[in-house]
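# Fold and contact review
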Amino acid sequence: MKPYNPAEIEAAAQSAWRDADVYRAVERADRRKFFCVSMLPYPSGKLHMGHVRNYTINDMMYRHLRMNGCNVLMPMGWDAFGLPAENAAMKNGVPPAKWTYENIAYMKTQCQAMGWAIDWSRELATCDPSYYRWNQWFFLKMLEKGIAYKKTGVVNWDPVDQTVLANEQVIDGRGWRSGAPVEKREIPMYYLRITQYAEELLSSLDRMPGWPERVKTMQANWIGKSVGVRFAFPHDIMGDDGQPIGGGRMYVFTTRVDTIMGVTFCAVAAEHPLALHAAKGNPALAAFIDECRHGSVIEADMATMEKKGMPTGLFVTHPLTGDRVAVWVGNYVLIGYGDGAVMGVPAHDERDFAFAKKYGLAIRQVTAIDGEAFSTDAWLPWYEDKARGRCFASGKYDGLPYAQAVDAIAADLAALDLGEKRTTFRLRDWGISRQRYWGTPIPIVHCAACGDVPVPYADLPVVLPDDCVPDGSGNPLAKRADFVDCACPKCGQPAKRETDTMDTFVDSSWYYMRYACPDATVDGKPAMVDARNDFWNPMDQYIGGITHAILHLLYARFWTKVMRDMGLVKMDEPFTRLLTQGMVLNHIYFRRSDKGGIDYFAPDSVETTHDASGKVTGARSKADGLPVEYDGVGTMSKSKLNGVDPQDMVDRYGADAARLFVMFAAPPEATLEWSDAGVEGAYRFLKRLWAFGQARADAIRAATGAFDWRDAAPAVKAARRDIHLALKQANYDFDRIQYNTVVSAGMKMLNALEAAPAGAPGGAAFVREATSILIRVLYPVVPHVGCALWDELGYAREFGPLLDAPWPQVDPLALAQDEIELMLQINGKLRGKLIVPAGADRDAIEAAARASAEVAKHAAGAPVKKVVVVPGRLVNVVV
RNA sequence: GCCCGGGUGGCGAAAUCGGUAGACGCACGAGACUCAAAAUCUCGCGCCUGAAAGGGCGUGCCGGUUCGAUUCCGGCCCCGGGCACCA
């Protein structure tokens, strides 16, 4: 008997698939198309467990649907631009291009070794000019349409390294390499007008039943539609030009205009014109504004930092009462959001309440609820309850509920020409400029005479030099005269090329369209997409991390709609069904560097000590023996160095065992905490499966021909029932993409098969049928061993190659039973079981229950008040 | 801080419409085979109590609805994800 040898089995299966090119998909009308894609991986160097999980889910779906008659396409590509390549360059002195392409080559061999059903003819890398030229092309189209535009934006600036930092490069307000306090800096950037699509991006969510509710909720909250009132506080503060600043109006937006009578101050952002004006004669204020302009641009930091303010000494006029209202500068007011100014109503806004208490500002109650007492001593949640509150101490608005108060006050403000109702969105336009080398060059030329000039379409792509090595001090492109110096496309005079590159979310916004037509042409000329895109997209199933629930998915949806509006695609939405797989977590170890940065350590590079319950109590580096800190579990990520290399597992146990374990350990949507235990178990199961197949091979090959199952021995019937029940469960679980229980269904089948009486009447036919079902159910998880057994046991002669073999059918006769077992409860507690004929009606079941020994014992003669009968399940006797 | 999830034995998990809690596996324990080990196979395995039969408790915590709650409702605690320049 041949032992289970995954290396041999897998290599043979993979070379057979490759030689016959079995995963190449073509557009064909005779089968239902199914386009399933996993979010494209970043080529960080090696596959990690998240990839293995993602692509194995995808692969199971592919193989299951293909056997069910679908024309399935599963492509692959590389999200090849981005920061890690620059970081690697700084560390190793290797150009990002070289590093990236070497990583891709290695990871591709890993993908092939995993046995995934990828159509490699469609492979793409986003750092390839043949791909990113279309980012540039579409950017110029958007510029023409006004979707792309230029304005200033705020970035993290490292004053020592003289470079812009990504948010993740800012640690505790300091640059990760220099340790210098980070400053905010305003620079010109290109933006995409996603806010123009906010309404559609929101309303379409209701027509996307294939998306998880939680993702739709997150996106809806992110878009953040709110209906409120934008109105002005008039003032006569004059600017240096002798004109009233802002036309004599300070605009604010509020969703709580019903509380307008409670305004006791206003707060503006540090960059607001009134703040800047007031600072001119006020050094203390100027210092405070300067302080506000330092520090983090990260929203979470903004939300958790101490709320601080300083009076400007300026006053505006309350539009309804005519009162003088003091204007403060608040560090929590953002210039980029709304008008950069807010009204302060301490009595009915928790943040304003805290602010007023801190600075001794007036708190004026203007809504009330019967039976609730208001006090300025402490905040109570009902103060901002707009559902129950009624206007109070608000003159003519007294007694009005929220909606009516808003209408009345908005009308009065409109009559004064000082305001109007307005719908606003939390969503901000998408800034795509990055002051970095390794990305798509923004195709703009800066000319002293002509200004910003788009690169002519005929000159695309603007090719990124592939030999730069970033050193952490600004964008290396800016130092490359051969890149920067060029002729103005308009006037021909010497000009400078834009050195900013695009956000990598641009790359990932449409790559799945390029899969459909990797060599797209229209009218014989290269094109971004062609008609084949309309064949494969919208995508039937998208699979990726919950991490991308908001940004990537929202940007891709937006991008699709812009392409639609330019007539490039027909779809409204790109992703019909979405599966957000859970993260793969692993332990995190780190050490603070002497500069204040953080160095991470891979879990296999440290030794840990545990307490009795298994909790980590300490860790030290294997390399230097010095302690490192433990930071609990977190997502596997390249920056934290806590990814697990699947290669070790493949080398030891084979790809099938690795796949089986990852699918079995948790349902696809749940998080999966990595542990080395369990892979061994998966391997053991495959050895058992293999050994079973070897032991029964001759009998199975011989047992051809039909068998009338009515003639089977009772034990064979029972075993056959187990198999078909497990098949039914597996079918259900395939459809709802709960693959962990598909695996357990396969395990149940093998258990039933091993225990079955093969020698009894019908036994041989049963083993042949059941084994064929088992192999087909497990094949999507473990295709290599599946194919090997299928061929060896002779099933290919009956059903054809396993790749396209028919999916097994549940036989209803196999499930039928003469008698069924019901749970017997007394007062809701399980007390026994009841065997009744399968066709027994409620009365018969109730009678059997009343007559049971358990009722006699536990009811002890007490009268039966009620009997609840749930057919097929249980009977509950209430006494 | 705000938004979204999750919490079930020693561990990963299952339970399809409110109806047997813990399927399937890991770890562990006992046994078989073996000179021995590995591998493999068999049995046991939520907690407490009991010789056993049985009884009690048990799905993060507190409360509610129901004949019956892991499942529905209210409140709380803890953990994870996102927060716009990681991808």
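Preceding block: the structure.
Treat the numbers as computed from the prediction; the structure is a model and nothing was measured. (Residues numbered from 1 in each chain as written. Chains lettered and ligands numbered in written order. Predicted model: local features only at pLDDT ≥ 70, side-chain atom pairs only at ≥ 80, totals over all residues. Heavy atoms only, no water.)

### Observations concerning unusual backbone geometry
- The omega torsion of the bond from Leu 460 to Pro 461 falls at 0°, within 30 degrees of zero and hence cis.
- Secondary-structure assignment places Pro 461 in the loop between β22 (451-454) and α13 (481-484).
- Between Asn 537 and Pro 538 the backbone carries a cis peptide bond, its omega angle lying at 5°.
- Locating Pro 538 in the fold gives a position in the loop between α16 (531-536) and β28 (541-545).
- Positioned with a positive phi, Asp 523 is a non-glycine residue whose angle comes to about 55°. (Helix = DSSP H or I, 4+ residues; strand = E, 2+ residues; numbered from the N terminus.)

### Thoughts on the side chain of Thr 264
- Topologically, Thr 264 is positioned in the loop between β11 (249-254) and β12 (265-268).
- Here the side chain of Thr 264 touches Ala 362 through a polar contact of 2.8 Å, landing on its backbone oxygen.
- Contact partners of Thr 264, with chain neighbours within four places excluded, come to Val 325, Gly 344, Pro 346, Ala 362 and Arg 364. (Polar contact = N/O pair within 3.5 Å; in protein donor to acceptor, adjacent residues only side chain to side chain. Contact = heavy atoms within 4.5 Å.)

### A short note on the pairing of strand β1 (residues 32-38)
- For β1, the buried fraction is high: six of the seven residues fall into the buried class.
- On the question of chirality, the crossover connecting β1 to the parallel strand β2 (residues 70-73) by way of helix α2 (residues 49-67) is right-handed.
- Inspection of the sheet shows β1 paired to β28 by three bridges, in the parallel sense. Residue Val 37 lies in a different strand from β28, and its bridge partner there is Tyr 542. (Buried < 20%, exposed > 50% of the residue type's maximum accessible area, 1.4 Å probe, protein only. Right-handed = clockwise from strand over helix to strand, strands pointing away. Pairing = 2+ DSSP bridges.)

### Points about the sheet that holds strand β37 (residues 829-837)
- With mixed pairing, the four strands of this open sheet are ordered in space as β37-β36-β39-β38. The sheet terminates laterally at β37 and β38 (866-870), the two strands that pair on one side only. The sheet shows a mean angle of 20° between the axes of neighbouring strands, taken without regard to direction.
- Relative to strand β39 (residues 874-878), strand β36 (residues 819-826) runs parallel, the two being bridged by four bridges. Bridged to Leu 824 within β39 is Val 875. (Axes fitted to C-alpha atoms, helices over the stretch in contact; angles between N-to-C directions.)

### Some words on the pattern of salt bridges
- This structure, assessed with the given rule, holds 48 salt bridges.
- Measuring nitrogen to oxygen at the nearest pair gives 3.7 Å for the salt bridge that ties Arg 388 to Glu 372. Residue Arg 388 is found in the loop between β16 (367-368) and β17 (390-391), and its partner Glu 372 is found in the loop between β16 and β17; the two are separated by 16 residues along the sequence.
- Taking the relative accessible area as the measure of exposure, Arg 388 reaches 41% and is therefore partly exposed.
- A salt bridge links Arg 388 to Asp 385; the shortest N-O distance between them is 3.0 Å.
- Where salt bridges share partners, they join Glu 200, Arg 557, Lys 561, Arg 564, Asp 565, Asp 572 and Glu 573 into one cluster. (Salt bridge = Lys/Arg side-chain N within 4 Å of Asp/Glu carboxyl O.)

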